[in-house]
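Chain and residue survey
Read off the chains here:
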Amino acid sequence: MIEGSCLCGAVRFAIRGGMSGIVVCHCSMCRKAAGGAAGAFFVARRDEVAWTGEEYLTSYKSSPELVRAFCSRCGSAMTGANLVEPDETIILAANALDGSVAAPVVAHEHVASKTSWEDNDDAPHFDGPYPSWENLRQ
Ligand SMILES: [Zn+2]
Ligand SMILES: [Zn+2]
């Protein structure tokens, strides 16, 4: 069972079937919706997705034919941009997935819209928190 949840836990999805590979989108809309350097998404069959706390889902039409759903309590993106007229599939937010998932990243799209700060990133990586936050606050 593949499961996902929002940050506050009010909204959850569980997928009975399989999931597609993950596409990472660097466009400005996905960045803003995901609150990160990129959005990450996968596809599942709509009839194989069971929602909990669906009443907390709010949607936003980011373009005339596309709608994105997020948790109204904590703001977590729960879907990608889906057609307003739903088909049998749904694009879900990989950022919401819980646990480890075997699905590979299959593509990065809209890399032409990547942030300038992501392009200039040679910064060190830390397994835990950045130890020098205090230095940034001075
Ligand atoms: Zn939430
Ligand atoms: Zn995008």
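Presented here is an overview of the structure given in this document. (Residues numbered from 1 in each chain as written. Chains lettered and ligands numbered in written order. Predicted model: local features only at pLDDT ≥ 70, side-chain atom pairs only at ≥ 80, totals over all residues. Heavy atoms only, no water.)

Concerning the coordination of the zinc ion (ligand 1)
Around the zinc ion (ligand 1), the protein contributes the donor atoms Cys6 (SG), Cys8 (SG), Cys71 (SG) and Cys74 (SG), at 2.3 to 2.4 Å from the metal centre. With four donor atoms in place around the zinc ion (ligand 1) and angles of 105 to 114 degrees between them, the coordination shape is tetrahedral. We classify Cys6 as buried; its relative accessible area is 5%. The exposure class of Cys71 is buried, given its relative accessible area of 1%. (Donors = N, O, S within 2.8 Å, 3.2 Å for Na, K, Ca; no water. Tetrahedral: all angles 85-135°; square planar, octahedral: opposite > 155°, others 65-115°. Buried < 20%, exposed > 50% of the residue type's maximum accessible area, 1.4 Å probe, protein only.)

Examining the nonpolar core
Note on soluble globular proteins: their nonpolar side chains tend to be buried together. Counting residues in each nonpolar core, the largest one holds 22 residues, and the members touching the most others are Phe13, Ile15, Ile22, Phe42 and Leu92. Elements with a minimum of two residues in this core: β2 (12-15), β3 (22-25), β4 (39-45) and β9 (89-93). In terms of residue count, β4 provides more of this core than any other element does, three residues in total. When residues no more than four places from it in sequence are discounted, the contact partners of Leu92 are Phe13, Ile15, Ala40, Phe41, Phe42, Ala44, Val49, Trp51, Met78, Thr79 and Gly80. (Core = buried A, V, L, I, M, F, W, Y, C linked by side-chain atoms within 4.5 Å. Helix = DSSP H or I, 4+ residues; strand = E, 2+ residues; numbered from the N terminus. Contact = heavy atoms within 4.5 Å.)

Here we look at the coordination of the zinc ion (ligand 2)
Ligation of the zinc ion (ligand 2) by protein atoms is provided by Cys25 (SG), Cys27 (SG) and Cys30 (SG), these donors lying 2.1 to 2.3 Å from the ion. Read N to C, the donor residues that coordinate the zinc ion (ligand 2) are spaced as C-x1-C-x2-C. Cys30 shares its class with Cys27; the two are buried.

Thoughts on the side chain of His26
Mapped onto the elements, His26 comes out in the loop between β3 and α1 (28-34). What makes His26 buried here is its relative accessible area of 4%. Apart from the residues lying within four places of it in its own chain, the contact partners of His26 are Arg31, Ala37, Ala38, His108, Glu109, His110, Val111, Ser113, Lys114 and Glu118.

Some remarks on the side chain of Ser5
For Ser5, the location among the structural elements is in strand β1 (residues 2-5). You can call Ser5 buried: its relative accessible area is 13%. A polar side-chain atom of Ser5 sits 2.7 Å from a polar atom in the side chain of Asp98. Not counting residues up to four positions away in its chain, the partners in contact with Ser5 are Val11, Arg12, Met78, Ala96 and Asp98. (Polar contact = N/O pair within 3.5 Å; in protein donor to acceptor, adjacent residues only side chain to side chain.)

Side note on unusual backbone geometry
With a phi angle near 50 degrees, His110 is a residue other than glycine that sits in the positive phi range. Structurally, His110 can be placed in the loop between β10 (105-109) and α2 (116-119). With relative accessibility at 46%, the residue His110 sits in the partly exposed group.

Thoughts on the packing of aromatic side chains
If you walk through the whole model with that rule in mind, you get four aromatic pairs. Both rings, one in Phe13 and one in Trp51, keep their centres 5.6 Å apart while their planes meet at 80 degrees; by these two values the pair is edge-to-face. Here the residue Phe13 occupies a position in strand β2, and Trp51 occupies one in strand β5 (residues 49-52), the gap between them amounting to 38 residues. On the basis of relative accessibility, which here comes to 1%, the residue Phe13 falls in the buried class. Looking at Trp51, the relative accessible area reads 21%, which means it is partly exposed. With centroids separated by 6.3 Å and ring planes inclined at 70 degrees, the aromatic side chains of Tyr130 and Trp133 adopt a geometry described as edge-to-face. Three or more aromatic residues joined by ring pairs form one cluster here, namely Phe13, Phe42 and Trp51. (Phe/Tyr/Trp six-rings, centres within 6.5 Å; stacked < 30°, edge-to-face > 60°.)

Geometric descriptors of this kind do not, in isolation, establish any biological role.
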